[in-house]
Amino acid sequence: MMMFSQALGIPVITAEEAEQLGRVESLTIDARNGRVACLRLSGAPKHATTIAWNAIEAVGRDAVIVRSRTGTDPGRSDVPAHQEALGHRVLTEHGTAHGTVKDIAFDNTTGHILRLYTALGDIPADHLLGLGSYAVVVRVEPDGSPGARE
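So, here's what we can say about the structure. (Residues numbered from 1 in each chain as written. Predicted model: local features only at pLDDT ≥ 70, side-chain atom pairs only at ≥ 80, totals over all residues. Heavy atoms only, no water.)

Before going further, it helps to examine the sheet that holds strand β2 (residues 11-14). Taken together, six strands build an open sheet; the order of strands is β5-β4-β3-β2-β7-β6 and the sheet is mixed. Among the strands making up the open sheet, the edge pair consists of β5 (50-52) and β6 (56-59). Averaged over all neighbouring strand pairs, the angle between strand axes comes to 35°, with direction disregarded. As paired elements, strand β4 (residues 35-42) and β5 share three bridges and run antiparallel to each other. Counterpart to Leu39 in the pairing with β5 is Ile51. (Pairing = 2+ DSSP bridges. Helix = DSSP H or I, 4+ residues; strand = E, 2+ residues; numbered from the N terminus. Axes fitted to C-alpha atoms, helices over the stretch in contact; angles between N-to-C directions.)

Take a look at the structure:
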C-alpha cells in the first residue's frame, strides 16, 4: 500500500534504457474502475508526459520503474481526463459536504484505490462514485453516512 502523497515527486525511470523520464506530478484516477489509470509527469520530455498504469513495472518509495519509453503516450484516448482529487471537496451522492480529500491509499502493485482519507474520516474505495473538477462524489450508507470511520 502507498499513499498518493508519498508517490508525488518520486522519479520515473525506464527499465530498458535506465533513463529518468521525469517525476510523478499527479495520479489520474479512473473512478469507474476504482484504480489509478496513469501517472502524469513533470520535467518529462514531450513523448513521456503520461504513463499508463499497465506500462508500469513497479512503484516503490524511491522510484517508479516503467518498461520502456515505448509505453509512454501523451495522446492516449483510453485514459480518463485528469481531475485532481487531493485537496478537493467530498460530496455524497445526495449533495451533502463531507470535508476534503487529505490523501488516498492505493495498492502500488495493482493500482487499485483502497481508501480515501478526508478531513472528516476515511471512506472505503468502493464508495467512490465519481471525480470531477468540483468534487469527489461518494456513495452513502443506509444511515446517510459516507461510510467514514474516524
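Anyway, onward from the coordinates.
Here the phi dihedral of Ala18 falls at roughly 55°; this positive angle occurs in a residue that is not glycine. Its location among the elements puts Ala18 in the loop between β2 and β3 (20-30). A residue is classified by how much of its surface remains accessible, and Ala18, at 63% relative accessible area, is exposed. (Buried < 20%, exposed > 50% of the residue type's maximum accessible area, 1.4 Å probe, protein only.)

In this structure the tally under the stated criterion is two salt bridges. Salt-bridge contacts for Glu57 lead to Arg67; the nearest nitrogen and oxygen are separated by 2.9 Å. You can see Glu57 sitting in strand β6 and its partner Arg67 sitting in the loop between β7 (64-66) and β8 (89-92), a full 10 residues away along the chain. For Glu57, a relative accessible area of 48% translates into the label partly exposed. Under the relative-accessibility criterion, Arg67 is labelled partly exposed at 37%. Between Arg115 and Asp122 there is a salt bridge, and its shortest N-O distance comes to 2.2 Å. (Salt bridge = Lys/Arg side-chain N within 4 Å of Asp/Glu carboxyl O.)

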